[in-house]
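One letter stands for each residue in the lines below.
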Amino acid sequence: MCEIFGACFDRESCINSYLKNFYRHSNNHPHGWGLAYTDGNSISIEKESLQASKSHYLKERLSQPIISKTILAHIRYATIGNVDYKNCHPYRAKDNFSRRWTLIHNGTIFDYPPLNKFLKLQKGDTDSERILLYIIEQINNAQEISQKPLNAEERFSLLDSIISDMAKGNKLNLLIFDGEYMYAHTNYAGSLHYLKKEEGFIFSTLPLTNENWEKLPFTTLQAYKDGKHIFSGTNHKNEFVDNEESLKYLYQIFSDL
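For clarity, every value in this text was computed on a predicted model and none was experimentally measured.

**Q** Break down the side chain of Gln143 for me, with residues and values.
**A** Along the chain, Gln143 turns up in helix α3 (residues 127-146). In this structure Gln143 comes out as buried when scored by relative accessible area, which is 2%. Filtering out sequence-adjacent residues up to four positions away, Gln143 remains in contact with Asp95, Asn96, Phe97, Lys148, Pro149 and Leu150.

**Q** Could you give an account of the pattern of salt bridges, naming the residues involved and the relevant values?
**A** As enumerated under the stated definition, the model contains 14 salt bridges in all. Of the charged contacts in the structure, one is a salt bridge between Arg155 and Glu180, with a shortest N-O distance of 3.4 Å. Linking Arg155 in helix α4 (residues 152-166) with Glu180 in the loop between β7 (171-177) and β8 (182-185), this pair joins segments that are 25 residues apart in sequence. A relative accessible area of 32% places Glu180 in the partly exposed class. Residue Asp242 is joined to Lys171 by a salt bridge in which the shortest nitrogen-to-oxygen separation is 3.9 Å. Highlighted residues: Asp242 in the loop between β13 (228-232) and α5 (244-255) and Lys171 in strand β7, separated in sequence by 71 residues. On the basis of relative accessibility, which here comes to 32%, the residue Asp242 falls in the partly exposed class. Through salt bridges with shared partners, one network takes in Arg99, Arg155, Asp178, Glu180 and Lys225.

**Q** Tell me about the nonpolar core, residues and numbers included.
**A** In this structure, Trp101, Ile131, Ile135, Met166, Leu172, Ile176 and Tyr183 are the most contacted members of the largest nonpolar core, which totals 31 residues. Counting only elements with at least two residues in this core, the list comes to β5 (91-94), β6 (100-108), α3, α4 and β7. Sort the elements by how many residues they give to this core and α4 lands first, with seven residues. Each residue touching Ile135, except ones within four places of it in the same chain, is listed here: Leu103, Leu159, Ile162 and Ile176. One finds Phe22, Ile66, Ile75 and Leu208 within the second-largest nonpolar core, a separate group that totals 22 residues.

What counts, and at which threshold
- Residues numbered from 1 in each chain as written.
- Predicted model: local features only at pLDDT ≥ 70, side-chain atom pairs only at ≥ 80, totals over all residues.
- Heavy atoms only, no water.
- Helix = DSSP H or I, 4+ residues; strand = E, 2+ residues; numbered from the N terminus.
- Buried < 20%, exposed > 50% of the residue type's maximum accessible area, 1.4 Å probe, protein only.
- Contact = heavy atoms within 4.5 Å.
- Salt bridge = Lys/Arg side-chain N within 4 Å of Asp/Glu carboxyl O.
- Core = buried A, V, L, I, M, F, W, Y, C linked by side-chain atoms within 4.5 Å.

Next up, the structure:
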């Protein structure tokens, strides 16, 4: 299982200490690392198909302050997709009104046929990339009907519907940033936490410090902006629980990597 990390603040803040603690977990997630952060109105992405703790570049990168309002980070344990740069998170795509979406995923899509069409369209091999491409398709379809960009409430409502449906039978821990809002979702017990700080929220698969981390609301999409909680979605109750069939599926895929 991968691990994910995010921060949504109301001001630019240095978050190196949390990132260093997060990337230390890479001994158990050795198949790549990624980092996305906002710089003004743009978002930069850096990643390698290398264990984070063995990356000289990342070590140098974290020796200097990383100051941003919005950060996403990922360490990968490959299940679907080879160990390759193109399979490292975060993923980024642009909708037809030039809104840039960035996604990191911890989990596995075992069965969701609407993603299959993107097998020939994606750059890499992961189910995570297909999730983002599907979201962009659905956003574009809705915007084509309305002939205008979706507003914040419309984007959240659509994502809430997509994720509620996709969560059935699938492990779907997600952090998504649309240039304004950060969306967070978990349906796997105890696998996504948050820390409320003065400047906003930090999210992590596992608590990273001795501070007062709490579990993210379960099976319910959340949205944040500028360090504040804005929306809470439908409790779809589609909890993912490991079973013999899913574990066998993962073993078979991983043995082919």
